[in-house]
Amino acid sequence: MDFGLTEEQEMIVSTVRSFVEKEIYPHEAEVERTGQVPHELGEAIKQKVIDLGFYACNFPEEVGGAGLSHVDFTLVERELGRGSMALTHFFGRPQNILMACNDDQKERYLLPAVRGERMDALAMTEPDAGSDVRGMKCTAVRDGSDWVVNGSKHFISGAEHADFFIVFIATGVDETPKGPKKRITTFLVDRGTPGFEVRDGYNSVSHKGYKNCILYFDNCRLPDAQVLGEVDGGFAVMNEWLYATRLTVAAFSVGRARRCFDYALNYAAERKQFGQQIGKFQGVSFQIADMITEIDAADWLTLAAAWRLDKGLPANREIASAKVYASEALARVTDTTLQIFGGMGLMDDFPIERFWRDARVERIWDGTSEIQRHIISRDLLRPLGA
């Protein structure tokens, strides 16, 4: 088994890390202060990524992407994890689910998204349907050749910049031995569609500037042409294309943890107490050792899961393991770093308190830690009939 990166992969890591340091870091403090990414700044970042050849790098070459492997793209996401999510959003990684577009939809949504002409946002979560996706109450009812949609979605990331939305909506109910089971269909919804409104969401302590929005549907009419995949086939589309979002969270967590660790390491080597650097005290040095061990373990779990995808091997459990471990390791690393910094860690003179706040949400979105543990345990127990 070869654990080394190829020359091309080393170049990917170097290029993306350099981009984040030069184009993202300088703007982070202002975005954190204002909670806003100026339109001109977002567009400038996007254009630089396009010029660099990395925009939509998660898509195959036949549709205009860079055709990166899962491991390659995981390396990209890991380096982007070092920077502000509000700003790296404009690095441009459209949802892979757009590969399910039919020929007409490819021209209207997929290809413009890959070229950076239109931005997308994924809408699944509702106030009463987070981990329980089938609990969604947003419904689409057939009316002739149209669907009439009513309901809402919330916690929709990137919605303020999106030109169109990939929305999962309940389109029927099946009666099963375990009770009613909702059928789900995926729709493509353009901003400005009558009966559809995007409103400001909640103020989050995590990832300032990377806003969440609320989507409202009030008798919004959508023709069949807006169905992505098959009617009632939303779960099939979801299972085929959205599993890798958990891997993205894992990779992000590793990148952010490494950036935070660099602060802890340097501070421990420079800060003096009782006449010597604090890193010479075992109370600190052992924490440093534990942090890097956890980060490396999370890194290898994440890359190993991506490797399995590239080899066409089952990876659902491995991705869940990477997501839960990396996100929880990030929480421990940020908390320990703050402890090493002491009182200064809570001051905004350093980004430590921001890393600490940002880390909390990684254990919640794209499947909570509890959901990941459920996936892992069922994968192990189901074959044994338990």
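Since the structure is predicted, the reported quantities are computational estimates derived from the model, not experimental observations.

A. Fine view of the UniProt feature "domain: Acyl-CoA dehydrogenase/oxidase N-terminal" (unreviewed entry) in the protein chain. As annotated by UniProt and renumbered to match this structure, "domain: Acyl-CoA dehydrogenase/oxidase N-terminal" (unreviewed entry) occupies residues 6–117. The distance from the first to the last C-alpha atom of residues 6–117 is 32 Å, and the span holds 62% helix and 0% strand.

B. Up close: the pairing of strand β5 (residues 179–190). Two elements, strand β4 (residues 164–176) and β5, share 12 bridges in a ladder whose sense is antiparallel. Looking at the pairing, V167 lines up with F187 of β5. Hairpin remark: β4 followed by β5, antiparallel, with two residues in the connecting loop. Sheet analysis places β5 next to strand β8 (residues 227–228), joined by two bridges and oriented antiparallel. Pairing of T186 across the sheet is with L228, part of β8.

C. Focus on the packing of aromatic side chains. The full count for this structure, using the stated rule, is 14 aromatic pairs. With a centroid separation of 6.3 Å and an interplanar angle of 80°, the aromatic rings of F274 and F281 are classed as edge-to-face. Overall, F281 belongs to the partly exposed group, its relative accessible area being 30%. Among the aromatic side chains, those forming a connected cluster through ring pairs are F19, F54 and F91. The ring centre of Y25 lies 3.8 Å from the NZ or CZ of R259, which sits over that ring. Over the face of the ring belonging to Y325 we find R332, whose NZ or CZ atom lies 5.9 Å from the ring centre.

D. Representation of empty space enclosed by the protein. A complete count under the given rule lists one cavity of 30 Å³ or more for this structure. One number sums up the size of the largest cavity: a volume of about 50 Å³. Forming the walls of the largest cavity are E28, E32, S84, M85, A86, H207, K208, R256, R354 and D358. The residue makeup of the lining of the largest cavity, split by class, is two nonpolar, two polar and six charged.

E. Main features of the pattern of salt bridges. Applying the stated criterion to the full structure yields 32 salt bridges. A salt bridge links R357 to E32; the nearest nitrogen and oxygen atoms lie 2.5 Å apart. Separated by 325 residues along the polypeptide, R357 in helix α10 (residues 352–359) and E32 in helix α1 (residues 7–34) bring together distant segments of the chain. Each member of the pair R357 and E32 is classed as buried. Note that R317 and D379 form a salt bridge whose closest N and O atoms lie 3.1 Å from each other. Within this pair, whereas R317 is found in helix α9 (residues 316–341), its partner D379 is found in helix α11 (residues 369–381), the two being separated by 62 residues in sequence. One salt-bridge network, in which partners are shared between bridges, spans R17, R78, E79, R82, R258, D262, D296 and D299.

F. Geometry of the environment of A225. Position of A225 relative to the elements: it lies in the loop between β7 (212–223) and β8. Judged by its relative accessible area of 37%, A225 is partly exposed. The sequence separation of A225 and S145 amounts to 80 residues, and the corresponding C-alpha distance is 9.5 Å. Aside from chain neighbours lying at most four places away, what touches A225 is Q105 and R108.

G. Seen up close, a nonpolar patch on the surface. Among the surface-exposed residues, M344, L346, M347 and W356 lie close enough to one another that they form a single nonpolar patch of about 360 Å² accessible area. Its location among the elements puts M344 in the loop between α9 and α10.

The rules behind the values
- Residues numbered from 1 in each chain as written.
- Predicted model: local features only at pLDDT ≥ 70, side-chain atom pairs only at ≥ 80, totals over all residues.
- Heavy atoms only, no water.
- UniProt positions renumbered as here; feature names shortened; annotations may be inferred.
- Helix = DSSP H or I, 4+ residues; strand = E, 2+ residues; numbered from the N terminus.
- Pairing = 2+ DSSP bridges.
- Phe/Tyr/Trp six-rings, centres within 6.5 Å; stacked < 30°, edge-to-face > 60°.
- Buried < 20%, exposed > 50% of the residue type's maximum accessible area, 1.4 Å probe, protein only.
- Lys NZ or Arg CZ within 6 Å of the ring centre and 35° of its normal.
- 1 Å grid on protein atoms, 1.4 Å probe; cavity = no way out; pocket = protein on both sides within 12 Å on 5 of 7 lines; lining within 4 Å.
- Points joined across faces, edges and corners; volume = space filled by probe spheres on them.
- Nonpolar A, V, L, I, M, F, W, Y, C, P; charged D, E, K, R; others polar.
- Salt bridge = Lys/Arg side-chain N within 4 Å of Asp/Glu carboxyl O.
- Contact = heavy atoms within 4.5 Å.
- Patch = residues over 30% accessible without salt bridge, like charges linked within 9 Å, V, L, I, M, F, W, Y side chains within 5 Å.
- Areas by Shrake-Rupley, 256 points an atom, 1.4 Å probe, with all protein chains shown as cover.

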